[in-house]
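# Analysis of the macromolecular model
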Amino acid sequence: MEKSRKRVKAAVVIFMALVLALVGRLFFIQILCHEEFAEAASSQHEITVEGLDTRGQILDRNGRAITGGSYQYYYIIKKERLSGEYEELLNALGGSQIAAKDSDYCVYRTENYDEQINDRLRAGCGAYVFRSRSRYSATQPACHLVGYLNQSEKRGVSGLEYLFEERLKAGENRLVLLADAAGNILPGRAPWVKTSEKLTGSDNSVVTSIELGLQKKCERLLYNVSSGACIVTDCMSGEILAMASVPVFDPNRISEYLSSEGDCLINKSLQASYPPGSVFKLVTAAAALEKGICTTSQRYECKGEMEAEGVSVSCSTAPEGGHGEIDMNEAMALSCNCYFVQLGQAVGHEKILETARLLGLGAEVLEDFPEESAGFIPDEDETVRQDISNISIGQGRLLATPLQIARLTAIIGSSGAASPLRLLAGEGAAPAPASQVVPVAAGAGSGPAEEVRQVISRQTALTLQSLMRSVMTCGTASHVDWAVPVWGKSGTAEASKLGKAVKDCWFTGFCDIASADGEIKRFGITVFVEDGISGSADALPVFKEIVEYLSSHWTDI
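Residues numbered from 1 in each chain as written. Predicted model: local features only at pLDDT ≥ 70, side-chain atom pairs only at ≥ 80, totals over all residues. Heavy atoms only, no water.

With that settled, the discussion passes to helix H4 (residues 115–125). Three or more residues of H4 are buried, namely Ile117, Asn118, Leu121 and Cys125. Down the axis, H4 shows its buried residues gathered within 105 degrees of arc, on one side only. Of the exposed residues in H4, those oriented more than 90 degrees away from the buried face are Glu115, Gln116 and Ala123. Buried residues in H4 make contact with strand S3 (70–78), helix H3 (84–92) and strand S6 (128–134). Looking at where H4 begins, the residue whose side-chain oxygen comes 3.0 Å from the main-chain nitrogen of glutamine 116 is aspartate 114. Residue glycine 126 follows H4 closely and has a positive phi angle near 65 degrees. (Buried < 20%, exposed > 50% of the residue type's maximum accessible area, 1.4 Å probe, protein only. Helix = DSSP H or I, 4+ residues; strand = E, 2+ residues; numbered from the N terminus. Arc of directions from axis to C-beta. Contact = heavy atoms within 4.5 Å. Polar contact = N/O pair within 3.5 Å; in protein donor to acceptor, adjacent residues only side chain to side chain.)

See the structure below:
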């Protein structure tokens, strides 16, 4: 009997030990190793999609997407269900197969969408479809301004992508979808949803001062120009509303451009500088007026050609025998070289170069913007008397970027006050959430942190405006019918490109546009065309189209 009780007790102890061991094992599996085992189990049914754009967006002043404005469509199909018929449908969409972690599935990506093909793929082979924003489109707006990414590291190396890398940088750029035991993808991880075209989201977005519609208009107007730039500003606030440069590039194919010898990647608006030609006559006139050398009533005789300090000068706009005796107003309207060379002799190259620097030439416009050119204004001790003929009419060693000419124009348009040009939306400029607005500060693509200051006297600026007005009413741009008040100056400069003599063509100025309630806004417009015929022939037509666009799209800006 005693032995029987001992055997029962031993059996109970063994049973309890086994129970405790089982409980311990279950605790170990369910509690301590739950995540590890769950991950191991689910990884057998994972489909990984890589390359999704998770960087912050670059937006226009109204919150519209400049980057991320197009979509990519992803089709995930189990291999055993992918027949030749469905492969043909995917090829018809321009789909390309991308690497998938799970070899049981094929992942296709395309920028094209067709509802009928989509329905056939979903019904016929169980395709799982979702949509994601693409970082860049093939016809990316403002591609030079936006810049591009290092493809391997997905870091900005150019333009705003580089300037705001820390703000825009991406998080995890892949998506993991789960499938059940039968291999069917579980819904909910990447739903098919239609999102608003106006982004109102992330804290890491950057709101620029660019107006997307105007930007695209400027790019279309430069479509037939082989090389050039166009910039539109708000003269009073200093905001840059559009900055277009040609030739353009596709940021999705950046490696092709990096290995070529072309200049597609150069932002002609601010990374390349050119002789300013006759638009520099505004500087010569400003120096004469500001230094009290003379007034606009000063008269000089133009005989069509002259000699200054041993250098021969011809007046390309003069008829045979020259313009005769004319004053400054007539000389600006007719862009008379002989007049301005004589004016330059009276002023002196030192005062002209000093005024040029006051007006922002020879200095960067947007502090810290990648690879911005400062142009070139020589120091007084680097020039001699013989340089005065070239300096007076914007030739010789003088170089300026289109953005610098846009700044000069904005200063004149704002009655001599210099508002730093900037690329970021200012207060009241965009109805975007406060979390999206990047403060304007030095080193942020906004120009140096400085207060608006009077660069030249208000009287000098108003006189220059009067001279520019005469260009539009009785000068080189008077053949155009203007529906709104406009001021401007054309320029054609002798230059060289790859050893070939070319003409660099300019037209810069501003216009006043009135809204329905009588509010008036002044827009500065600078157009540059490399290797053209003349400023009036090549740049002026683009200027005119922009004025007309601004007249009819006031409310968008």
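So much for the structure itself; the text now carries on.
So, about the pattern of salt bridges. This model, assessed by the stated rule, comprises 23 salt bridges. In this structure, arginine 120 and glutamate 85 form a salt bridge, with 3.1 Å as the shortest nitrogen-oxygen distance. With arginine 120 in helix H4 and glutamate 85 in helix H3, the pair connects residues that are 35 residues apart, well separated along the chain. Residue classification places glutamate 85 among the partly exposed positions, given a relative accessible area of 42%. (Salt bridge = Lys/Arg side-chain N within 4 Å of Asp/Glu carboxyl O.)

At the junction of valine 246 and proline 247, the peptide bond is cis and its omega measures out at 5 degrees in the coordinates. Inspection of the secondary structure puts proline 247 in the loop between strand S12 (240–246) and helix H9 (254–258). Notably, lysine 154 is not glycine yet its phi reads approximately 55 degrees, a positive angle. Residue placement: lysine 154 occurs in the loop between strand S7 (149–150) and strand S8 (155–156). Despite not being glycine, serine 415 has its phi angle at roughly 60 degrees, a positive value. Looking at the element boundaries, serine 415 is found in the loop between helix H15 (402–413) and strand S17 (417–418).

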